[in-house]
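Descriptive analysis of the structure
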Amino acid sequence: MAGLGWLGLMVEEAHGGAGAGWVDLLALLEEMGRALMPMTLLAHTLAGLVIQRYGDDARRQAVLPSVAGGGRIFAVAITEPRATFDQAGIRCEARRTDGGFTLHGTKHFVRGAGAADTLVILARLDGGLGIFLIEKATAGITVMPLDTIGDDDQAIVELAGVQTPASALLGGAPRDWETLRDIVDMGALIECGYGVGVMARDNEITINYVKDRVQFGRPIGSFQAVHHQVADQVTDVDCGRLLTHYAAWAMDERQPDASVAIARAKAWTSDALRRVARTGNQLHGGIGFSREYDIHFYFQRAKTNELMFGIADEHRERIAATLLDG
């Protein structure tokens, strides 16, 4: 993947990447979703974006070539036991010590933690948000793999008095809490791109199946009730793709509504993933719930994507708050 340029697609050219934009990344993410590729690349991509946006020049020059070249694998540790992507959900704390910081806390559902060499850890610092770049092998860090419905690489990361030098703090100072919103937006958009691919392939598998499955002397796809369900799948996929691509364009063009556009895309995609996967499984009948057939793996991955970086209700609340403020 590094040789193909995927890992550094959005890394600046000066640091070994392609310098592409969000619209370009979505083309890759959708194909990844269609193939159910390992999701570690999603975490690695987000980590690279965080380092590129919030690191100083020296840190970007030192780290981003490894992101683009795959020399090291990165993951981002955000959520904690509350499993929310907001300020109240961050309880991990960084305390200043002589020459550095000490981190205490527990991160849950850290995607890519098992494969990662380096962790981007979000913690409270001086009333703001500290973003720390810490090697996973550092003393005090314990990684415990989770058995997830999506069969992906997620883990609990315990930070028990982790000592880190001052240079580990990206940007050299804590950020305001709007930074957390920006990071979650980037993560949500990545999930939307991948999720659209999951839905699209689920729909294709379902269409092929209902054309071949014969019942009552005819393919079940010839029944109007089945037509309606497959058409609803197509609507969900197309709307998800439209909203996601608009959000990506808004990010590339720095449009003022980019954050709300991402919320719209994630709200729709989270719900649509559940609907498309449920319909695909139902139209397959009993085999749709068997691990011996591909459709079930799309159901599992759809559920993971639905939950990551905020469920639909959370993003609808953001949209509603924006409308009220306006």
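Structural notes, computed from the coordinates. (Residues numbered from 1 in each chain as written. Predicted model: local features only at pLDDT ≥ 70, side-chain atom pairs only at ≥ 80, totals over all residues. Heavy atoms only, no water.)

Brief notes about the overall build of the chain
- What the chain contains, in helices and strands, is eight helices and nine strands.
- On C-alpha atoms alone, the chain measures out to a radius of gyration of 21 Å, which is about the 20 Å that the 2.2 N^0.38 rule sets for 326 residues.
- Across the 326 residues of the chain, 52% fall into the buried class.
- Restricting to contacts in the chain with at least 6 residues of sequence separation, those with at least 24 account for 72%.
- When the accessible area of the chain is evaluated, it comes to approximately 14100 Å², of which 53% is carbon and sulfur surface.
- Taking the average place of the 31 positive charges on the side chains of the chain and the average place of its 41 negative ones, the gap between the two points comes to 3 Å. (Helix = DSSP H or I, 4+ residues; strand = E, 2+ residues; numbered from the N terminus. Rg over C-alpha atoms; globule rule 2.2 N^0.38 Å. Buried < 20%, exposed > 50% of the residue type's maximum accessible area, 1.4 Å probe, protein only. Contact = heavy atoms within 4.5 Å. Areas by Shrake-Rupley, 256 points an atom, 1.4 Å probe, with all protein chains shown as cover. Lys, Arg positive; Asp, Glu negative; His and termini not counted. Charge placed at Lys NZ, Arg CZ, Asp CG, Glu CD.)

Structural notes on helix α1 (residues 22-35)
- With 14 residues, α1 should cover 20 Å at 1.5 Å per step; its first-to-last C-alpha distance of 20 Å lies within 8% of that length.
- Inspection of α1 places W22, L25, L26, L28, L29, E30, M32 and G33 among the buried residues, and these make up the whole buried set.
- Against α2 (40-54), α4 (178-212), α5 (224-252) and α7 (294-307) lie the buried residues of α1.
- L36, located one to two residues past α1, shows a positive phi value of around 50 degrees. (Expected span 1.5 Å × (residues − 1).)

Side note on the environment of M39
- Relative to the elements of secondary structure, M39 occurs in the loop between α1 and α2.
- Along the backbone, M39 and Q154 are 115 residues apart, and their C-alpha atoms lie at a distance of 9.6 Å.
- Once you skip the residues sitting within four places of it in the chain, M39 turns out to touch R111, D152, E191, Y194, R301, T304 and N305.

Let's talk about the packing of aromatic side chains
- One pass over the structure, following the stated rule, counts five aromatic pairs.
- Their ring planes at 25 degrees and their centres at 5.0 Å tell us that F85 and F309 sit as a pair that is stacked. Of this pair, F85 sits in the loop between β1 (74-77) and β2 (93-97) while F309 sits in the loop between α7 and α8 (312-325), placing them 224 residues apart in sequence. The exposure classification of F85 matches that of F309, with both residues buried.
- Summarising the aromatic geometry, the rings of F101 and F132 are spaced 5.2 Å apart at their centres and angled 70 degrees between planes, so their arrangement reads as edge-to-face. Residue F101 is located in strand β3 (residues 100-111), and its partner F132 is located in strand β5 (residues 128-135); the two are separated by 31 residues in the primary sequence.
- Taking the relative accessible area as the measure of exposure, F101 reaches 3% and is therefore buried.
- Directly above the aromatic system of W268 lies the positively charged group of R275, at a separation of 5.2 Å from the ring centroid. (Phe/Tyr/Trp six-rings, centres within 6.5 Å; stacked < 30°, edge-to-face > 60°. Lys NZ or Arg CZ within 6 Å of the ring centre and 35° of its normal.)

Remarks on the packing of α4 against α5
- One can describe the packing of α4 onto α5 by two numbers: an axis separation of 9 Å at closest approach and a directional angle of 155 degrees. As judged from the angle between their axes, α4 and α5 are roughly antiparallel. Where α4 crosses over α5, the two elements pack in a sense that is left-handed. Contacts from M186, L189, C192, G193, V196, M199, A200, D202, N203, T206, I207 and V210 in α4 reach V226, V230, Q233, V234, D236, V237, G240, R241, T244, A247, A248 and M251 in α5. (Axes fitted to C-alpha atoms, helices over the stretch in contact; angles between N-to-C directions. Parallel < 35°, antiparallel > 145°, perpendicular 65-115°, else oblique. Left-handed = near helix turned anticlockwise from the far one by under 90°.)

Considerations on the pattern of salt bridges
- Under the criterion given, the structure shown has 21 salt bridges.
- Between R274 and D271 there is a salt bridge; the shortest N-O distance is 3.1 Å. Of this pair, R274 and D271 both sit in helix α6 (residues 258-284), three residues apart, roughly one helical turn.
- Residue class for R274 comes out partly exposed when judged on its relative accessible area of 35%. (Salt bridge = Lys/Arg side-chain N within 4 Å of Asp/Glu carboxyl O.)

Description of the nonpolar core
- Among the nonpolar cores identified, the biggest contains 69 residues, and W22, V50, I78, V120 and L122 are the most heavily contacted of them.
- Considering each element in turn, this core owes the most residues, 14 residues, to α4.
- Setting aside chain neighbours within four positions, we find W22 in contact with M10, L49, M186, L189, I190, A248, M251 and D252. (Core = buried A, V, L, I, M, F, W, Y, C linked by side-chain atoms within 4.5 Å.)

Remarks on the side chain of T206
- Secondary-structure assignment places T206 in helix α4.
- If sequence neighbours within four positions are ignored, T206 has contacts with V230, Q233, G280, L283, H284 and I295.

Digging into α7
- Taken together, the buried positions of α7 are occupied by I295, H296, Y298, Q300, R301, A302, T304, N305 and E306.
- Looking at the buried side of α7, the elements it contacts are α1, β3, β7 (154-165), α4 and α6.
- F309 occupies a position one or two residues after α7 and carries a positive phi of about 60 degrees.

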